[in-house]
Number of protein chains: 2
Amino acid sequence: MSLGEFDLIGKYFTRAVQRATLGIGDDCALLAPAPGMQLAVSSDMLVEGRHFLSTVAPERLGHKALAVNLSDLAACGAQPLAFTLALALPRADEVFLEGFARGLFALADAHGIELVGGDTTQGPLNICITAMGEVPSAGALLRSGARPGDDLYVSGTVGDARLALEVFRGTASLDAAPFEAVRAAMEQPQPRVALGLALRGLATSAIDVSDGLLGDLGHVLRRSGVGASVEVDAVPRSAVLAAQTPALQRECTLAGGDDYELVFSAAPRDAKRVQAAARSAGVSATRIGRIDAGTALRLVDRDGRPVENRFGSFDHFRT
Amino acid sequence: MSLGEFDLIGKYFTRAVQRATLGIGDDCALLAPAPGMQLAVSSDMLVEGRHFLSTVAPERLGHKALAVNLSDLAACGAQPLAFTLALALPRADEVFLEGFARGLFALADAHGIELVGGDTTQGPLNICITAMGEVPSAGALLRSGARPGDDLYVSGTVGDARLALEVFRGTASLDAAPFEAVRAAMEQPQPRVALGLALRGLATSAIDVSDGLLGDLGHVLRRSGVGASVEVDAVPRSAVLAAQTPALQRECTLAGGDDYELVFSAAPRDAKRVQAAARSAGVSATRIGRIDAGTALRLVDRDGRPVENRFGSFDHFRT
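Q: An account of the overall build of chain A is needed here, citing residue identities and associated values.
A: Helix and strand counts for chain A stand at ten helices and 13 strands. Out of the 319 residues belonging to chain A, those deemed buried represent 59%. Contacts in chain A between residues far apart in sequence, at least 24 positions, make up 85% of those at least 6 positions apart. Of the accessible surface of chain A, which amounts to about 11,900 Å², a share of 52% is contributed by carbon and sulfur atoms.

This is the structure in structure tokens:
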């Protein structure tokens, strides 16, 4: 390829840096967290066929690549500051780059953050974004703080992304409009940054649902040394998903993945504050169970009867 | 693949975090730069066939993946703190992972830094490391500070990595021992972190030689708004490279790439301090020319006669 095509990448990803606390360095980006703040860092790599399908629009892919990292910051209660982008592309495809950059920067602008550095190279399509945010020292939401008796919540609804994947796989079918709705959930997840900030000092633990609700909840339970009871019918789902078979609903809500909602725990006395936090963040928070003593993850139905847990977490090295 | 193989990755990359200023977060790594310090961030992506050959030993690849990022921190005068690793692998290959982790952590340990987070996924081999360091506020070495009259230096020797590549390509040949020497230069570059730190407040500009001496110097000249004269025969090279044809020597030293030495400028009055800084860092610093007014990059031979500049910089999207 020509040098001109390499310059093209600079064209799409070079923007003036706005924030006084940031500067494009040269070999490095330079960041200055505010006094008393820790830096929170999240790095995610997206690969075609694993994290997105070849059919995704470049604009949505640009959105999602940043969204999954902002979701990690949200789960820590961090305020996003900046991000780096490392991108391997088979070729300098202008249509792809234009759309990818548009989706990427639209989400970045929505959160007031900037691209401060990175790397581009030729290779199989691979997107690695490292997002940095700040959180008060000792003020991060962690996986390790859940306590027996805490209520367990999830934001928004879960399962649509998995339902969309099942349609792509041909194991479920939807009409055009509901398919587009769940496809958008899969391809353009909304990181719950505002909710993460609102839950500082309120949630006792938090994690984002990237690999499936039960799998991600399992990380919280292990790190906190606790168990949980999850009311499987209380897990919030979209109207589209609620119209599917009960078995598919459970599969999608409990083991779906790619939801990027927050699962978090809070003391029962803070139930009203949790709802106020969710309202302020413009998202719902639904109580789906409670944290238990012990280490068991129990599933129960609406009548309190045990439900068999046959759902594992998503694992990129298990097929 | 089995869940066991995914656990294997955890086995190789999970280590206890040592530094009080760092903590493994959950969804994020948490870092606390010291008061008055900026955070310097560098992100590089390595792809087979572009940044390393399939013949590289996993241990050396682990070293190099971190080294190229530490080299960026060095060029900023930053003290490395921590890094994240995002890794796409076709399969969970234990031999690869064991060697890769060994090389990675040996270099990390040599610099007292730790892996604080990251991501692993299945996909075409791709390694994306984001390294973070700290540098005094307004104390970073930048590309933009070179001034006419400054001396121009390069650390160590340059060109061996390119010579090794030419041997792999079949366009040059070497006996076993010299080949192993230049191959090690290509596969296990030594980031000049100590030199970068010693040059704080001394060098007026700095960059690491990743894409070729002249190409990288060009970035400094553009950012500083200056020109330079480079004495092509003064550019330091190994004894192995010095035994090659004059044309190959110039190609390798001036347009080689993958050297990870520092090119930097300093005022002539600081010549002795530069040499003291280099000694303290255990590496040579050789004067290879001077910064000029204007914007021209001139090459001259040992007698001061102009040498045609037919060397471009390395470009991942130009073949």
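Q: Explain the sheet that holds strand β7 (residues 151-155) of chain A to me, using residue names and the numbers behind them.
A: Residues and elements named next belong to chain A. Reading across the sheet, the seven strands line up as β8-β10-β7-β11-β9-β12-β13 and stay open at both edges, with mixed pairing between neighbours. Both edges of this open sheet fall to β8 (205-208) and β13 (306-307), since each of them pairs with a single strand only. Where strand β9 (residues 227-231) lies against strand β11 (residues 285-292), four bridges are found, and the strand directions are antiparallel. In the strand pairing of β11, V230 is matched with G289.

Q: I'd like to hear about the packing of aromatic side chains, residue by residue, with values.
A: Under the defined criterion, the tally for this structure stands at six aromatic pairs over all chains. Measuring from ring centre to ring centre gives 5.5 Å for F96(A) and F100(A), while their planes differ by 20°; the resulting arrangement is stacked. In this pair, F96(A) and F100(A) both sit in helix α3 (residues 94-110), four residues apart, roughly one turn of the helix. With relative accessibility at 0%, the residue F100(A) sits in the buried group. Between the aromatic rings of F168(B) and F179(B), the centroid separation amounts to 5.4 Å while the plane-to-plane angle is 65°, which identifies the pairing as edge-to-face. You can see F168(B) sitting in helix α4 (residues 160-169) and its partner F179(B) sitting in helix α5 (residues 176-187), a full eleven residues away along the chain. Given a relative accessible area of 17%, F179(B) falls into the buried group.

Q: Just give me the short version of the pattern of salt bridges, but keep the residues and values in it.
A: Scanning the model with the defined rule gives 38 salt bridges over all chains in all. One salt bridge in this structure joins E261(A) and R192(A), with 2.8 Å as the shortest N-O distance. Placement of E261(A) in the loop between α9 (246-255) and β10 (262-266) and of R192(A) in the loop between α5 (176-187) and α6 (193-198) is noted, with a sequence separation of 69 residues between them. Just as E261(A) is buried, R192(A) falls in that class too. Ionic pairing is found between E166(B) and R162(B), a salt bridge with its closest N-O pair at 2.6 Å. In this pair, E166(B) and R162(B) both sit in helix α4, four residues apart, roughly one turn of the helix. As far as burial versus exposure is concerned, E166(B) and R162(B) are alike and both buried. Each of R60(A), E180(A), R183(A) and E187(A) takes part in a single network of salt bridges with overlapping partners.

Q: I'd like to hear about the environment of L104(B), residue by residue, with values.
A: Residues and elements named next belong to chain B. Tracing the backbone shows L104 in helix α3 (residues 94-110). L104 sits 43 residues away from L61 along the chain, and the two C-alpha atoms are 7.8 Å apart. If we skip the residues at most four places from it in the chain, L104 touches F13, G62, H63, L66, F83, L85 and I129.

Q: Please provide a residue-by-residue account of α5(A), values included.
A: Residues and elements named next belong to chain A. For α5, built from twelve residues, the straight-helix expectation of 16 Å at 1.5 Å per residue is met to within 8% by its first-to-last C-alpha distance of 16 Å. Among all positions in α5, only F179, V182, R183, M186 and E187 are buried. One side of α5 holds all its buried residues, which, seen down the axis, span an arc of 135°. Buried-residue contacts for α5 involve α2 (58-76), α4 (160-169) and α8 (239-242).

Q: Can you lay out the side chain of S229(A) for me, pointing to particular residues and giving the numbers?
A: Residues and elements named next belong to chain A. Locating S229 in the fold gives a position in strand β9. Given a relative accessible area of 5%, S229 falls into the buried group. At a separation of 2.7 Å, a polar atom in the side chain of S229 contacts the side chain of R298. Apart from residues lying up to four places away in sequence, S229 is in contact with I288, G289, R290, D292 and R298.

Rules of the game
Residues numbered from 1 in each chain as written. Chains lettered and ligands numbered in written order. Predicted model: local features only at pLDDT ≥ 70, side-chain atom pairs only at ≥ 80, totals over all residues. Heavy atoms only, no water. Helix = DSSP H or I, 4+ residues; strand = E, 2+ residues; numbered from the N terminus. Buried < 20%, exposed > 50% of the residue type's maximum accessible area, 1.4 Å probe, protein only. Contact = heavy atoms within 4.5 Å. Areas by Shrake-Rupley, 256 points an atom, 1.4 Å probe, with all protein chains shown as cover. Pairing = 2+ DSSP bridges. Phe/Tyr/Trp six-rings, centres within 6.5 Å; stacked < 30°, edge-to-face > 60°. Salt bridge = Lys/Arg side-chain N within 4 Å of Asp/Glu carboxyl O. Expected span 1.5 Å × (residues − 1). Arc of directions from axis to C-beta. Polar contact = N/O pair within 3.5 Å; in protein donor to acceptor, adjacent residues only side chain to side chain.

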